[in-house]
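What follows is the residue order along each chain.
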Amino acid sequence: MPRCFSFTEVKNWCLQSCTFTKSGLRSTVTDLKDGTVMHCWVPKIRTDSKPDLLLIHGLGANALWQWADIIPNIIHYFNVYVPDLVFFGDSYSTSPERSESFQAQCLMELMEANSVKKMSLVGLSYGGFVAYSMAAQFKENVERVVICSAGVCMEEKDLRDGMFRVSDLEEASTILVPQSPEKLRELISYSFFKPPPLGLLPSCLLADFIHVMCTEYVEEKRDLIRAIPRDRNMSKISRICQPTMILWGEYDQIFPLELGHRLKRHLGDNAELVVIKNAGHAFNLEKTKEYYNHLKSFLVDFQQLKHR
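The shown structure was predicted, so the numbers you read here are calculated from the model rather than taken from an experiment.

*Asks:* In this structure, what is going on with the overall build of the protein? I would like to understand it.
*Replies:* Across its full length, the protein carries 13 helices and nine strands. Relative to a compact globule of 308 residues, whose C-alpha radius of gyration would be 19 Å, the protein shows 18 Å and is just as compact. Once the C-alpha set of the protein is aligned to its principal axes, its extents read approximately 60 × 45 × 40 Å. In the protein, which comprises 308 residues, the share counted as buried stands at 54%. Carbon and sulfur atoms provide 53% of the accessible area of the protein, an area that totals close to 13,900 Å². For the protein, the centre of its 35 positive side-chain charges and the centre of its 37 negative side-chain charges are spaced 6 Å apart.

Following this line, the structure appears as structure tokens:
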């Protein structure tokens, strides 16, 4: 039976029209000329007096859903750029590369194509890995960094040592890139401190979400997940030099809070760890106002103090 109505597609349209476009952003596609094409929401009119901010999404819902609650407020202070990472949304590549380092390089090329030379970064979950890699590779271009629930300092042995609720990487990849309502329910249960009643979520609604969000580049996305822990250990993780805020949900079941403390120890006085109480991995959805206030304090209030 053909699909007659898609709640997910309707919400996508509303976010595009009523949030992103209304906030002064426009949809663009940039060919990086190496087999990689990047989609990004960019300012319709860039204001030279404003600093530039790059918002990097994670797995799960698309960039529209992950940043919609932040955009209308943060847009007043920054020229905001919201890309789709490679193999998400309308971004893709013929490259066999699957590392966060490659994603970071693609984003830097994208920003250069938009004539952005200096920027601050906010990275959510997998986007936090990419943001950290950008800060490490492009020290002169990145000014301030916010890492949100991204296990940057995890090591490959952590999977064997039982740090994670799901220690089998293949099983984890089927949850993080769900292809059935049952797997999406698992993802929701791991992501929220207080998840909605999963039994009351209609399978047809979950299947619709999967059809729109999760059916393209499935193996490529799972390869991105597989690449994260491969040969990863603390000795290979750079110490970024930029001022960094680390935001973490107190009850994160995907990347345990211990990884936030580990990242703070790794960066030392250059970083501030903020724990969002009574929240899980998706604290950006559970505690949106508190999340925004921390972003504003670190990114906006800093700019205003700097110019006094």
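Following the structure, the description resumes.
*Asks:* Just to check I follow, could you spell out the nonpolar core for this structure?
*Replies:* Generally speaking, nonpolar side chains in soluble globular proteins are found buried as a group. With 105 residues, the main nonpolar core has Trp67, Val122 and Tyr291 as its most contacted residues. It is helix H5 (residues 126-137) that contributes the most residues to this core, eight residues altogether. When sequence neighbours within four positions are dropped, the list of residues in contact with Val122 reads Leu53, Leu54, Leu55, Ile56, Trp67, Val146, Cys148, Tyr291, Leu295 and Leu299.

*Asks:* Would you mind going over the pairing of strand S9 (residues 271-276) with me for this structure?
*Replies:* Relative to S9, strand S8 (residues 244-249) runs parallel, the two sharing six bridges. Looking at S9, one finds that Gly249 is bridged to Ile276. Viewed along the sheet, the connection from S8 through helix H11 (residues 257-267) into S9 turns out right-handed.

*Asks:* How do you make sense of the UniProt feature "domain: AB hydrolase-1" (unreviewed entry) in the protein when you look at a structure like this?
*Replies:* Taken from the UniProt record, the annotation "domain: AB hydrolase-1" (unreviewed entry) applies to residues 53-158 and 228-287. Between the C-alpha atoms that bound residues 53-158 the distance is 33 Å, and the span itself is 36% helix and 23% strand. Helix makes up 25% of residues 228-287 and strand 20%. Its end C-alpha atoms lie 27 Å apart.

*Asks:* Can you help me understand the pattern of salt bridges in this one?
*Replies:* When charged atoms on two side chains of opposite charge get close, those side chains can pair. All chains considered together, the criterion is met by 13 salt bridges. One salt bridge in this structure joins Arg46 and Asp52, with 2.6 Å as the shortest N-O distance. Judged by its relative accessible area of 33%, Arg46 is partly exposed. Taking the relative accessible area as the measure of exposure, Asp52 reaches 4% and is therefore buried. Ionic pairing is found between Glu155 and Lys157, a salt bridge with its closest N-O pair at 3.7 Å. Residue class for Glu155 comes out buried when judged on its relative accessible area of 13%.

*Asks:* For this particular structure, what's the right way to read the packing of helix H7 (residues 169-176) against helix H10 (residues 218-227)?
*Replies:* Between two packed helices, both the angle of their axes relative to each other and the distance between the axes serve to describe the pair. It is the contact of H7 with H10, at a shortest axis distance of 10 Å, that shows an interaxial angle of 135 degrees. Taken together, the axes of H7 and H10 are oblique relative to one another. When you trace H7 past H10, the crossing you get is right-handed. Between H7, through Leu169, Glu170, Ser173, Thr174 and Leu176, and H10, the contact on the second element is made entirely by Arg222, Ile225 and Arg226. Its residues assigned to classes, the contact of H7 with H10 shows three nonpolar, two polar and three charged.

*Asks:* Explanation requested: the side chain of Glu155 in the structure shown.
*Replies:* For Glu155, the location among the structural elements is in the loop between strand S7 (142-148) and helix H6 (156-160). At 2.9 Å, the side chain of Glu155 forms a polar contact with the backbone nitrogen of Met234. With residues up to four places along the chain from it excluded, the contact list for Glu155 reads Arg232, Asn233, Met234 and Arg262.

*Asks:* Would you explain the environment of Glu258 in this entry?
*Replies:* Within the secondary structure layout, Glu258 lies in helix H11. The sequence separation of Glu258 and Thr19 amounts to 239 residues, and the corresponding C-alpha distance is 35 Å. Look past the residues within four positions of Glu258 in its chain and what remains in contact with it is Met163 and Arg265.

*Asks:* Would you mind showing me how to read the packing of aromatic side chains here?
*Replies:* Centre-to-centre distance and the angle between the planes together describe a pair of aromatic rings. On inspection of all chains with the given rule, the structure shows eight aromatic pairs. Joined through ring pairs, the aromatic side chains of Tyr126, Phe129, Phe164 and Phe255 make up one cluster. For the cation-ring pair, Lys11 lies above Trp65, with the distance from its terminal atom to the ring centre recorded as 4.2 Å. Sitting over the face of the ring of Phe298, Arg144 holds its NZ or CZ atom 4.1 Å from the ring centroid.

Quick notes on the rules
- Residues numbered from 1 in each chain as written.
- Predicted model: local features only at pLDDT ≥ 70, side-chain atom pairs only at ≥ 80, totals over all residues.
- Heavy atoms only, no water.
- Helix = DSSP H or I, 4+ residues; strand = E, 2+ residues; numbered from the N terminus.
- Rg over C-alpha atoms; globule rule 2.2 N^0.38 Å.
- Buried < 20%, exposed > 50% of the residue type's maximum accessible area, 1.4 Å probe, protein only.
- Areas by Shrake-Rupley, 256 points an atom, 1.4 Å probe, with all protein chains shown as cover.
- Lys, Arg positive; Asp, Glu negative; His and termini not counted.
- Charge placed at Lys NZ, Arg CZ, Asp CG, Glu CD.
- Core = buried A, V, L, I, M, F, W, Y, C linked by side-chain atoms within 4.5 Å.
- Contact = heavy atoms within 4.5 Å.
- Pairing = 2+ DSSP bridges.
- Right-handed = clockwise from strand over helix to strand, strands pointing away.
- UniProt positions renumbered as here; feature names shortened; annotations may be inferred.
- Salt bridge = Lys/Arg side-chain N within 4 Å of Asp/Glu carboxyl O.
- Axes fitted to C-alpha atoms, helices over the stretch in contact; angles between N-to-C directions.
- Parallel < 35°, antiparallel > 145°, perpendicular 65-115°, else oblique.
- Left-handed = near helix turned anticlockwise from the far one by under 90°.
- Nonpolar A, V, L, I, M, F, W, Y, C, P; charged D, E, K, R; others polar.
- Polar contact = N/O pair within 3.5 Å; in protein donor to acceptor, adjacent residues only side chain to side chain.
- Phe/Tyr/Trp six-rings, centres within 6.5 Å; stacked < 30°, edge-to-face > 60°.
- Lys NZ or Arg CZ within 6 Å of the ring centre and 35° of its normal.

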